[in-house]
Amino acid sequence: MLKKEEIRNCLDQMGEMFPDAHCELVHSNPFELVIAVALSAQCTDVLVNKVTKTLFEKYKKPEDYLRVSLEELQQDIRSIGLYRNKAKNIQKLCQMVLEEYNGEIPQDRDELINLPGVGRKTANVVVSVAYQIPAIAVDTHVERVSKRLGFCRWKDSVLEVEKTLMKKIPKEEWSVTHHRLIFFGRYHCKAQNPQCTECPLLTLCREGKKRMKKIGVT
């Protein structure tokens with residue numbers, strides 16, 4: 001596990017590498033963001049953006065998703081993984097937003113989690129990106145990078161990773177760190193073929209050092 005000053009060094013290096021890290025899901029309001037993040041489960045942001053480009057032209061508000069049949073909505077998002085289940089959840093979510101929140105996306109994370117198809121990660125993304133409330137959403141990139149670098153333990157659950165990061169990172173940096181960890185994991189410390197040989201964090205990275213040893217680089 002890295003010490004506090006080592007984590008600080010990692011965060012600063014990531015900030016230099018990805019100063020413009022941001023949410024790559026294209027949206028124009030909190031409602032569109034909820035839909036986009038719900039669609040992004042087990043799917044790339046690139047594909048989601050391709051689908052939502054036409055989806056958000058057709059469906060502007062919760063009522064629009066409820067005016068069509070489930071089959072029609074499924075067809076509109078068919079190229080996305082788990083589209084049948086996601087279409088069901090989107091319609092249920094829209095119904096709940098209209099009935100319980102007057103058509104507005106709630107700003108409270110616990111209320112967001114109650115929405116169909118919205119888990120803790122989605123809720124954290126929404127409060128952070130749409131409402132500028134400090135949060136760290138742990139997706140596959142954040143979890144991988146945090147464990148490889150030693151911010152947390154290999155055996156930690158997603159929730160434990162989130163809690164550890166919240167303890168070790170200043171609250172005012174939670175949201176920006178979330179985006180930088182994602183960019184670092186998506187474009188540099190990839191699941192397959194991470195760029196260890198040219199990584200500025202190699203001397204601090206337990207996983208990187210192990211990989212270098214395997215290929216005979218010291």
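Structure: see above.
What counts, and at which threshold
- Residues numbered from 1 in each chain as written.
- Predicted model: local features only at pLDDT ≥ 70, side-chain atom pairs only at ≥ 80, totals over all residues.
- Heavy atoms only, no water.
- Helix = DSSP H or I, 4+ residues; strand = E, 2+ residues; numbered from the N terminus.
- Rg over C-alpha atoms; globule rule 2.2 N^0.38 Å.
- Buried < 20%, exposed > 50% of the residue type's maximum accessible area, 1.4 Å probe, protein only.
- Contact = heavy atoms within 4.5 Å.
- Areas by Shrake-Rupley, 256 points an atom, 1.4 Å probe, with all protein chains shown as cover.
- Lys, Arg positive; Asp, Glu negative; His and termini not counted.
- Charge placed at Lys NZ, Arg CZ, Asp CG, Glu CD.
- Core = buried A, V, L, I, M, F, W, Y, C linked by side-chain atoms within 4.5 Å.
- Arc of directions from axis to C-beta.
- Phe/Tyr/Trp six-rings, centres within 6.5 Å; stacked < 30°, edge-to-face > 60°.

Caption draft 1: View of the overall build of the protein. Along the protein, the regular secondary structure elements total twelve helices and zero strands. Put simply, the protein runs from its N terminus to its C terminus through helices and strands in the order α-α-α-α-α-α-α-α-α-α-α-α. By the compact-globule yardstick of 17 Å for 218 residues, the protein fits well, its C-alpha radius of gyration being 19 Å. Looking at the protein residue by residue over its 218 residues, the buried ones come to 49%. Contacts spanning at least 24 positions in sequence make up 59% of the contacts within the protein whose residues lie at least 6 apart. Element-wise, carbon and sulfur atoms account for 50% of the exposed surface of the protein, whose accessible area totals about 11,500 Å². When the 35 positive and 29 negative side-chain charges of the protein are each reduced to one mean point, those points stand 8 Å apart.

Caption draft 2: Structural view of the nonpolar core. Core analysis: the biggest nonpolar cluster contains 41 residues, and I35, L55, Y65 and L93 have the highest contact counts within it. Elements that contribute at least two residues to this core include exactly α2 (30-39), α3 (45-58), α6 (83-101) and α8 (120-129). By residue number, the principal contributor to this core is α6, which donates eight residues. Apart from the residues within four sequence positions on either side, L55 is in contact with I35, L39, Y65, L73, D76 and I77. If you look at the next biggest cluster of nonpolar residues, it comprises 27 residues, including A21, V142, V145 and L204.

Caption draft 3: Molecular detail of helix α12 (residues 206-214). Listed as buried for α12 are E207, G208 and M212. Summarising the axial view, the buried residues of α12 lie within an arc of 135 degrees, below the 170-degree limit, and thus occupy one face. Exposed positions of α12 whose direction lies more than 90 degrees from the buried face are K213 and K214. Just past α12, the residue G216 takes up positive phi, approximately 80 degrees.

Caption draft 4: Molecular detail of the packing of aromatic side chains. Taken as a whole and judged by the stated rule, the model has four aromatic pairs. Both rings, one in F31 and one in Y65, keep their centres 5.8 Å apart while their planes meet at 75 degrees; by these two values the pair is edge-to-face. Pair noted here: F31 is in helix α2 and Y65 is in helix α4 (residues 62-67), with a separation of 34 residues, a long-range link. Taking relative accessible area as the criterion, Y65 reaches 0% and is therefore assigned buried. Among the aromatic residues, ring-to-ring pairing joins F18, F183 and Y187 into one connected group.

Caption draft 5: Looking closely at the side chain of N49. Relative to the elements of secondary structure, N49 occurs in helix α3. By relative accessible area, which is 18% here, N49 ends up buried. For N49, the residues in contact, after removing those within four places along its chain, are E24, L25 and V26.

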